[in-house]
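# Fold and contact review
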Amino acid sequence: MRVDLSGYKSIIVLDSEFNFIARDGGRPDIGGRPVPLCLCALELRSGTRWTIWREELLILRSPPFPIDNNTLFVAFVASAEMGVFRVLGWPIPEHILDLSPEFRTLVSGRYAPAGRGLIGALAHFGLAGSTSVVEKDTWRDRILEGGPFSAEERARIEAYCMSDVEATSMLLTAMWSKIEDKFQFALIRGTYTGEAQSFMEYVGVPIDFDTFTLISENWDHIDAQLIARYDRDFGIFDEVGSFSEERFAACLNRLGLPWPRLPGGRLELKDRTFESMVKIHPILRPIRELRHVQSALRLHTMAVGLDGRNRTPLWAFGSKTSRNQPSNASFIFGASVALRGLIQARPGWGVAYVDWSQQEVGIAAALSEDEELMRDYFSGDVYLNFGKRAALIPGHATKATHEAQRESLKVCVLGMGYGLGAHQLAFRIGRPLIYAKQMLKAHRMLYPVHARWSDHNVEEAVLGHLIGRPLETCFRWPVHLGAKGFRRYGTDDDDDDPGYRPNSSRNFKMQANAEMMRLACILTVRRGVELCAPIHDALLIHAPLDRLEHDIAVTQAAMAEASRIVLDGFELRTDVKVFCYPQRYMDKRGKGVWDEIMGLLPRVKKERA
Amino acid sequence: MAAARYNPEVDTLATTKISTEVPVGKPGPFQFFRTDPRPGYADLYWTLEFEGDQYLVINPEARARVQRLLRLKKIFTIVDAFGNTTLWPIGMPTNGKTNRWHSSAMKAAEIATEQWVRIESNREIGAYETWGPVAGELTPVEPRLPTQSFDELMNIAFAEFIIDDPDHPVIRRLLFVGG
């Protein structure tokens, strides 16, 4: 559908500069809300320009430019500009075009020689902004240092900000022909970054700030105690508290346990390997937990503001598959699951974690239109239903009575989505190869329509590559297969890639999940819920106790509506976990380590006293 | 200066792919391919399978020593959708007996001279199934055929796997010859 921009009376291109320092000479509040410094705008039809410095910005109750439904706002990473609007208390525009995700659609799966930022986008189109990379870095650093700014510095920062507005305008002109036939989807993406993402980055995840401070300030001490406790029976960590591969090899020999090795003979030490191996050798679980906690417990990088909120850029559309890609180092849900115990509602409030249940299977059932799979999804637990139909578990089995078998069935069902092979399945579930083969065969026989659809996705990817057509989700997020194809997200890129991996594209359409998540976020925010963060297939909300139930219902309704929109009427179920103050958010996978840490805190407090 | 500016739309200095690695084997289940239709890009060879590797036995005396283990195969040149070249050996009938795996593979290789196909094994019928796109947009898309000659491709693919000596280590091991 081609769009004529003449329908808009005004087209306003925006850029803003901000830091995290509330007062000149103060310290930055990393994890706090942005503090606006300067905002520049250019109205493309009239050529009118606005340059507004901090003092003037703070007293303006609404923007000096039009913000009605006849105005299109254009930015590069609109969440930043709209974050400034939110801090200033300005209304969020209805129509936002964010050129950052639009540029990413052009290079998704491709090499972008100059990167995917504004400079990279300009270079892609053979354009050059008036600000060099070096100059840009210099001024960004100066802005983040904070004031006071001299008159000359102020003038340079304003010029720098306006130069980005001009660059964004040039980019819009260059990119328009690539955007116009998918403008409606571009607007949804812009609404997500400008309205929903900026809201979540503004609100943040509520954190128990006192406990966060106590743990982060005493981490070395706590780490030593955890090693003493968990490594007692193994002796794998050395004197300085680091994991020793040599000691681990000796420990495996001592216990007589086999372990996967790299081609060169060294032990495979990826967390994913540990995750699989502890299922086979549960005795090693404490070591995996400890390694995981050590690698993921980087509290000093966690962005928690002085108001006790974890705020970090969500980097929407950061992955090839268009998902958010917040930094694991600064996002609470990127850290060790044990640390999620730090999430706590404010007094009188509660947090709710609302997630789509068995979402991937539901999406596959809807998109493949496999009636058997749809029936099994709707009639309860799809993993158990598959097991019963394949006669792998008895008809009376439940999640409680057959938890381990259900886990194996889940690995198989989810694995079917991305072409998991029998060897890998056998390895993951710790069962013989013949059993894994039987499971996979049973799935293909019970759900033949899904099997054919899944194969077709791969065919479509390869054949599409031949005629230069990228793979696309239902909302036209593409991925271009490169010379070596497209690797499944979550796998490591390495030079030994043997070539195209068909399974990489087998589950690309499952990225409808990301489209669904974005719509759900937009609807939830618009309906007045305090949406804190998106987490894979879940939303975290925060509400006063007397409104919590209502807000959960609103969120669930929004998620159901989003699934209906994306899946053409097919509605996915949602589950809810509620944690009311003083209860902490807790993930059962991290509870052991969290309890251990909390058990150590009284002693830490005493020693500090 | 304008000429030096990076332009992804046109900025591709002319290059041609020179294959330095040519795998030997059948196409994967989702590897759409075309068979190189040019004369001379397929031929018959005596092959020997040993410890999972495929050898070309070009020495007549060596062939005589392991005659019963030899298989006559036609080696086709195939190219996938990403421009990767593979040599695909397909067994010829032995003693007048036809193997359905081989005959179905041979048919697929022949069809692939005209259109893009992929093969998938079907153990229930003991043969490969050939899948091709519904004719349409793909019809005019031509494969990126290798620039090297068939002999050059064979030399690259079988560099380490040519038995040109009756005392080749593989022959000696098969015949349990010590020393």
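The structure displayed is predicted, hence computed values, not measured ones. (Residues numbered from 1 in each chain as written. Chains lettered and ligands numbered in written order. Predicted model: local features only at pLDDT ≥ 70, side-chain atom pairs only at ≥ 80, totals over all residues. Heavy atoms only, no water.)

## Here's the deal with the overall build of chain B
When you go through chain B residue by residue, the secondary structure sums to 4 helices and 8 strands. Listed N to C, the secondary structure of chain B is β-β-β-α-β-β-α-β-β-α-β-α in terms of helices and strands. Counting across all 179 residues of chain B, residues that qualify as buried make up 39%. Long-range pairs, those at least 24 residues apart, make up 67% of the contacts in chain B between residues at least 6 apart in sequence. Of the roughly 10800 Å² of accessible surface on chain B, a fraction of 52% belongs to carbon and sulfur atoms. (Helix = DSSP H or I, 4+ residues; strand = E, 2+ residues; numbered from the N terminus. Buried < 20%, exposed > 50% of the residue type's maximum accessible area, 1.4 Å probe, protein only. Contact = heavy atoms within 4.5 Å. Areas by Shrake-Rupley, 256 points an atom, 1.4 Å probe, with all protein chains shown as cover.)

## Considerations on the packing of aromatic side chains
Counted by the stated rule, this structure contains 32 aromatic pairs over all chains. Ring geometry for A:Phe65 against A:Trp90: centres 6.4 Å apart, planes inclined by 85 degrees, an arrangement best described as edge-to-face. Here A:Phe65, found in the loop between helix H1 (54–59) and strand E4 (71–75), pairs with A:Trp90, found in the loop between helix H2 (78–88) and strand E5 (95–98); they are 25 residues apart in sequence, far enough to count as distant. Take A:Phe65: its relative accessible area is 3%, and that puts it in the buried class. Ring centres of A:Phe237 and A:Phe243 lie 5.8 Å apart, and the angle between their planes is 80 degrees; on these two criteria the pair is classed as edge-to-face. When its relative accessible area of 4% is taken as the criterion, A:Phe237 is described as buried. Taken together, the ring pairs in this structure connect A:Trp50, A:Phe65, A:Phe73, A:Phe85 and A:Trp90 into an aromatic cluster. Between B:Arg38 and the ring centre of B:Tyr41, over which it is positioned, the NZ or CZ distance is 4.1 Å. (Phe/Tyr/Trp six-rings, centres within 6.5 Å; stacked < 30°, edge-to-face > 60°. Lys NZ or Arg CZ within 6 Å of the ring centre and 35° of its normal.)

## Quick notes on the sheet that holds strand E13 (residues 574–580) of chain A
Residue and element names in this part refer to chain A. On the basis of which strands lie adjacent, the open sheet formed by 4 strands has the order E11-E12-E8-E13 and antiparallel pairing. Each end of this open sheet is capped by a strand with a single partner; those strands are strand E11 (530–535) and E13. Within the sheet, the average angular offset between the axes of one strand and its neighbour, ignoring direction, is 20 degrees. Pairing of strand E8 (residues 349–356) with E13 involves 7 bridges; the strand directions are antiparallel. What sits directly across from tryptophan 356, in E13, is threonine 574. Sheet contacts for helix H21 (residues 512–526): E8, E11 and strand E12 (538–544); angle to E11, the most-contacted strand, approximately 170 degrees. (Pairing = 2+ DSSP bridges. Axes fitted to C-alpha atoms, helices over the stretch in contact; angles between N-to-C directions.)

## Some words on the environment of A:Lys178
Summarising the element assignment, A:Lys178 is placed in helix H6 (residues 151–179). Sequence spacing of A:Lys178 and A:Glu102 is 76 residues, and the spatial spacing of their C-alpha atoms is 8.6 Å.

## Quick notes on helix H14 (residues 371–378) of chain A
All names here are of chain A. Within H14, burial applies to Leu373, Met374, Asp376 and Tyr377. Taken end-on, H14 shows its buried residues confined to a sector of 165 degrees, consistent with a single buried face. Where H14 is buried, its residues touch helix H13 (359–368), helix H15 (382–389) and helix H19 (448–466). For H14, the side-chain oxygen to backbone nitrogen distance between the N-cap and glutamate 372 is 3.0 Å, and the N-cap itself is aspartate 370. (Arc of directions from axis to C-beta. Polar contact = N/O pair within 3.5 Å; in protein donor to acceptor, adjacent residues only side chain to side chain.)

## Overview of H13(A)
All names here are of chain A. Most of H13 is tucked away, with 8 of its 10 residues classed as buried. Taken residue by residue, H13 has Gln359, Val361, Gly362, Ile363, Ala364, Ala365, Ala366 and Ser368 as its buried positions. Against the buried residues of H13 lie E8, H14, H15, helix H16 (403–417), H19 and H21. After H13 finishes, the residue glutamate 369 shows a positive phi value of roughly 60 degrees.

## Details of the sheet that holds strand E3 (residues 49–53) of chain A
All names here are of chain A. Taken in spatial order, the 5 strands of this open sheet run E3-E2-E1-E4-E5, and their pairing is mixed. This sheet does not close on itself; its edge strands, each paired only once, are E3 and E5. With direction set aside, neighbouring strand axes in the sheet form an average angle of 25 degrees. Two elements, strand E2 (residues 35–43) and E3, share 5 bridges in a ladder whose sense is antiparallel. Bridge assignment links leucine 42 to a residue of E3, and that residue is arginine 49.

## Comments concerning the confidence of the model for chain A
Of all residues in chain A, 95% have pLDDT values of 70 or greater, and the mean over the chain is 89. Residue range residues 485–499 of chain A is modelled with pLDDT below 50. Its contacts to residues more than four positions away, or to other chains, number 31 contacts. (pLDDT = per-residue confidence, 0-100.)

## Thoughts on unusual backbone geometry
Of note, the amide linkage connecting A:Gly147 to A:Pro148 takes the cis form, showing an omega dihedral of 0 degrees. By the element assignment, A:Pro148 lies in the loop between helix H5 (133–145) and H6. A cis geometry characterises the amide bond from A:Tyr581 onward to A:Pro582, with omega recorded as 10 degrees. Looking at where A:Pro582 falls in the secondary structure, it is placed in the loop between E13 and helix H23 (591–608). Of note, the phi angle at A:Val77 is positive, near 70 degrees, even though the residue is not glycine. Relative to the helices and strands, A:Val77 is located in the loop between E4 and H2. A relative accessible area of 25% places A:Val77 in the partly exposed class. Unlike most non-glycine residues, B:Glu51 shows phi in positive territory, near 50 degrees. Residue B:Glu51 is classed as exposed on the basis of its relative accessible area of 59%.

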